[in-house]
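Reading the structure
In case you want the letters, here they are:
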Amino acid sequence: MINKWVTNLILLIVLIGAGIFAYQSSKQEPEVEKGIEVTNYKLSDFDEIELNFPSKAKVHFKIVDGHWRVLSPVKGRANEMYIYQLLSLLAAKSPEKLKTDDLKKYGLDEPKLKAVFLNDEKMLKQEFIFGTYNPISENQYIKYNNDVFIVNGLFSETASYVPIEFIDKRPIAPYELIQGFNLSRLEQWQKNQLKLVEKNGKWSTKGIDVKTTQEDIVEWLSVSWDGLQALSLESYKMDSRLGYKSFDVIVNDNKKITFYKIQESPQLHLYRKDEGLLYRFPGDLGFTMLNPHVEVKEKK
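Calculation notes
- All residue numbers refer to position in the chain's written sequence, counted from 1.
- Under the rules for a predicted model, residues below a pLDDT of 70 receive no local features and side-chain atom pairs below 80 are neither given nor counted, while totals for whole chains, interfaces and linings still include all residues.
- Side-chain descriptors were evaluated using all non-hydrogen atoms of the structure, hydrogens and water having been removed beforehand.
- Two rings belonging to Phe, Tyr or Trp (six-membered ring only in the last case) form a pair when the distance between their centres is within 6.5 Å. Interplanar angles under 30 degrees mark stacking, angles over 60 mark edge-to-face geometry, and anything in between is tilted.
- Note on conventions: DSSP H or I runs of at least 4 residues are helices, E runs of at least 2 residues are strands, and numbering of each starts at the N terminus.
- For the exposure calls, accessible area comes from a 1.4 Å probe over protein chains only, and a residue counts as buried if that area is under 20% of its type's maximum, exposed if over 50%, partly exposed in between.
- For this analysis, a nonpolar core means a set of buried residues of the types Ala, Val, Leu, Ile, Met, Phe, Trp, Tyr and Cys, connected via side-chain atoms within 4.5 Å.
- Residue contacts are counted whenever heavy atoms from the two residues lie within 4.5 Å of one another.
- By the convention used here, strands pair only if DSSP detects at least 2 bridges between them.
- For helices, the fitted axis covers only the stretch in contact; all axes are lines through C-alpha atoms, and the angles between them, taken along N-to-C directions, range from 0 to 180 degrees.
- Every residue carries a pLDDT, the predictor's confidence in it, which falls somewhere between 0 and 100.
- Here a salt bridge means any side-chain nitrogen of Lys or Arg lying within 4 Å of a carboxyl oxygen belonging to Asp or Glu.

What follows concerns the packing of aromatic side chains. One pass over the structure, following the stated rule, counts 17 aromatic pairs. An angle of 75° between the planes, with centres 5.1 Å apart, marks the rings of Tyr82 and Tyr161 as edge-to-face. Of this pair, Tyr82 sits in helix α2 (residues 80-87) while Tyr161 sits in the loop between α3 (154-159) and β12 (178-182), placing them 79 residues apart in sequence. Judged by its relative accessible area of 15%, Tyr82 falls in the buried class. By relative accessible area, which is 26% here, Tyr161 ends up partly exposed. Here the aromatic rings of Trp225 and Phe247 are separated by 6.1 Å at their centres, their planes lie at 75°, and the arrangement is edge-to-face. Of the two residues, Trp225 sits in the loop between α5 (214-223) and β16 (232-235) while Phe247 sits in strand β17 (residues 246-251), which places them 22 residues apart along the sequence. Neither residue differs from the other here; Trp225 and Phe247 are each classed as buried.

Right, here's the structure in full:
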């Protein structure tokens, strides 16, 4: 009995000690990433990026009117998360800096990618050459100026995306604040000439024999248009002779964005006219997007 009591006491002491150690460890400052800085530049120093591949078309990004855009080989609003993944190369750290005496050793004699960061106004142009991967760490060799560095392979992986993937899948940009809808040209709302209008934070309906509440519109927006992202998108040329139905989304500064309904089932396909892009959505979500919580009044 005494031996069992002593054993339990020892186990208790061990558990208390482990708990104290874990608590103290959690209070320690997180370890700062160590290594050699590849550049001294900030991400904000550049407003243009070119990705050059040996056997693919160049991908070109540039800040236009304060926002990143893809300029070629496709055109559209850029997914800025991917842009900052590319820009983060400027802040990367390498475990070592190597000499460039033997470029072939690092696969830099036949580069897989050349990334160029530019800012014409500041007369900046910085070029990075990507070589092979380190077989142990799976990081990648790059040449910058006259040195070779080892960086995370994520940069090259992101740069290698299919160009259309760099375009933002949100049909309405984050800086385009929705202030209204004109759904009157859609089949289900032609008779009622339905429009939704936001003024001073309050939503109301305009049309014939329709009514709704602020709460219903806010709920509809929260499950449909707020933060909406398409399943996929593509550059598209619409044949206007086919008479597709359309509707407008009104955003800040009373800007009208027109969408054409190309297909409704099994997926909803919407063509944004000013961008030349076709956005695809699941069928059930698509139905909700085009049918707000509006009550049609019955005529007496």
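And the narrative resumes.
Counting 62 residues, the largest nonpolar core has Leu51, Phe61 and Trp225 as the members making the most contacts within it. For this core, the element with the highest residue contribution is α2, accounting for four residues. Discounting chain neighbours no more than four positions away, the residues touching Leu51 are Ala57, Lys58, Val59, Phe61, Leu86, Leu113, Lys114, Ala115, Ala159 and Phe166. Counting residues in hydrophobic clusters, the runner-up holds seven residues, among them Tyr106, Ile129, Val148 and Ile150.

Time to look at the side chain of Ser224. Examined against the element boundaries, Ser224 turns out to sit in the loop between α5 and β16. Contacts of Ser224, omitting those with residues within four sequence positions, involve Leu285, Thr288 and Met289.

Spatially, β5-β4-β3-β2-β8-β9-β10-β11-β7 is the arrangement adopted by the nine strands of the open sheet, whose pairing is antiparallel. Since the sheet does not close on itself, it has two edges, and those belong to β5 (76-77) and β7 (97-99), each with one partner. For strand β9 (residues 124-133) and strand β10 (residues 140-144), the ladder comprises four bridges, and the chain directions are antiparallel. Residue pairing in the sheet places Phe128 in a bridge with Tyr144 of β10. Strands β2 (48-52), β3 (59-64), β4 (67-72) and β8 (113-119) of the sheet are contacted by α2, whose axis makes an angle of about 85° with β4.

Reading predicted coordinates in detail is not appropriate for stretches of low pLDDT. Averaged over every residue, the pLDDT of the chain is 88; residues scoring 70 or more account for 88%. When mean pLDDT is taken per element in the chain, strand β20 (residues 277-282) scores highest with 98 and helix α1 (residues 2-27) scores lowest with 46.

Attention shifts here to the pattern of salt bridges. Counted according to the given criterion, the structure contains 18 salt bridges. With its nearest N and O atoms 1.9 Å apart, the salt bridge here joins Glu234 to Arg280. Here Glu234, found in strand β16, pairs with Arg280, found in strand β20; they are 46 residues apart in sequence, far enough to count as distant. Owing to a relative accessible area of 17%, Arg280 belongs among the buried residues under this scheme. In the salt-bridge network here, residues are joined through shared partners; they are Arg77, Asp168, Arg170, Glu176, Lys255, Arg272, Asp274 and Glu275.

This next bit is on the environment of Pro266. By secondary structure assignment, the location of Pro266 is in the loop between β18 (255-263) and β19 (267-272). Measuring from C-alpha to C-alpha, the distance between Pro266 and Phe281 comes to 9.3 Å, with 15 residues separating the pair along the chain. Pro266 has contacts with Pro282 and Gly283, leaving out every residue within four places of it along the chain.

This next bit is on unusual backbone geometry. Here the amide bond leading from Ser72 into Pro73 is cis, since omega sits at 0°, within 30 degrees of zero. Inspection of the secondary structure puts Pro73 in the loop between β4 and β5. That bond from Ser265 to Pro266 is cis: its omega, 0°, falls within 30 degrees of zero. Although it is not a glycine, Met123 adopts a positive phi angle of roughly 55°. Summarising the element assignment, Met123 is placed in the loop between β8 and β9.

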